Amino acid sequence: IVISVISTSALVTLVLVKPHFGPHKKMDHPRFNQMNQQENQNRGNGLVEMLNLNEEQVVQFREQKTVHLEIVEPIFDSIFQVRTTLFEELQLENPDMEKVNDYVALISRLEHKLQMESVNHMLSMKSFLDPVQVDSLFSFMSRRMMPGHSNSHGRKHGKTHRHCR
């Protein structure tokens, strides 16, 4: 309850201080969708190279990635929709705090579901990786799954964040 109140307070503060803060609208355009499809096909190539997968492992990796994406994409869509609704509510003159709390709780449940699916996906990959590849995968994923991590996150203001080392 305390975390929910703190999170809600932080969200309300952000909306009041920065009224245009919140989720961006999805781009529903054929060219954008085509770019996303190409990006999804190429995503994971770096991991394939980093893990030095053989041809059979690459096939298994791509199959499992496809299944994983089929599971997580609807979860991401739901999170996007709920966050959009949350920010619409927060921008009202008098937001209904009961609704806000319900939205935050729903986002938490969806994020938990997303995390569990990601963990299950990593565990399923162990079935076709050798021990060195498993260690490399878990080392890479442990850094990637840190809160606030992004591609450009590793170095800020000349400092390397401890979890990115």
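As a starting point, this report considers the structure included with it. Please read these numbers as outputs of a predicted model, since none were measured by experiment.

Criteria and thresholds
Residues numbered from 1 in each chain as written. Predicted model: local features only at pLDDT ≥ 70, side-chain atom pairs only at ≥ 80, totals over all residues. Heavy atoms only, no water. Helix = DSSP H or I, 4+ residues; strand = E, 2+ residues; numbered from the N terminus. Buried < 20%, exposed > 50% of the residue type's maximum accessible area, 1.4 Å probe, protein only. Contact = heavy atoms within 4.5 Å. Areas by Shrake-Rupley, 256 points an atom, 1.4 Å probe, with all protein chains shown as cover. Expected span 1.5 Å × (residues − 1). Arc of directions from axis to C-beta. Polar contact = N/O pair within 3.5 Å; in protein donor to acceptor, adjacent residues only side chain to side chain. Salt bridge = Lys/Arg side-chain N within 4 Å of Asp/Glu carboxyl O. Bend = angle between axes of the 7 residues up to and from the residue.

Moving on: the overall build of the protein. Within the protein one finds 6 helices and 2 strands. Ordering the α and β elements of the protein from the N terminus gives α-α-α-α-α-α-β-β. For the protein, the proportion of its 165 residues judged to be buried stands at 25%. Long-range contacts, defined as pairs at least 24 residues apart, comprise 61% of the intrachain contacts of the protein with a sequence gap of at least 6. Accessible area of the protein: about 12000 Å², with a carbon and sulfur share of 56%.

The next thing to look at is helix H6 (residues 131–144). When the terminal C-alpha atoms of H6 are compared, their 20 Å separation across 14 residues agrees well with the 20 Å that a helix rising 1.5 Å per residue should span. Turning to H6, its buried residues are Gln133, Val134, Leu137 and Met141. When H6 is viewed along its axis, its buried side chains cluster within an angular range of 100° and face the same direction. Looking at H6, the residues exposed on the side facing more than 90 degrees away from the buried face are Pro131, Val132 and Asp135. On its buried face, H6 is in contact with helix H3 (45–51), helix H4 (55–90) and helix H5 (97–125). A side-chain oxygen of the first residue of H6 lies 3.0 Å from the backbone nitrogen of Val132; this N-cap is Asp130.

Now for unusual backbone geometry. Unlike most non-glycine residues, Asn52 shows phi in positive territory, near 55°. Residue position: Asn52 is located in the loop between H3 and H4.

Attention now goes to the pattern of salt bridges. In the structure shown here, the tally under the stated rule is 1 salt bridge. Two residues, Arg83 and Glu111, come together in a salt bridge whose shortest N-O distance is 2.4 Å. Residue Arg83 is located in helix H4, and its partner Glu111 is located in helix H5; the two are separated by 28 residues in the primary sequence.

On to H4, then. Within an α-helix, residues lying three or four positions from one another point in the same direction, as the helix has 3.6 residues per turn. With 36 residues, H4 extends 50 Å between its outermost C-alpha atoms, agreeing within 8% with the 52 Å of an ideal straight helix rising 1.5 Å per residue. For H4, the principal kink sits at Glu70 and spans about 25°; a proline, Pro74, occurs within the next four residues. At the N-terminal end of H4, a side-chain oxygen is found 3.1 Å from the backbone nitrogen of Glu56, two or three residues along, and the residue is Asn54.

Attention now goes to the side chain of Gln133. With respect to the helices and strands, the residue Gln133 is situated in helix H6. Note on Gln133: relative accessible area 6%, which makes it buried. Excluding residues that lie within four positions of it along the chain, Gln133 makes contacts with Leu51, Asn52, Leu53, Gln57 and Phe128.

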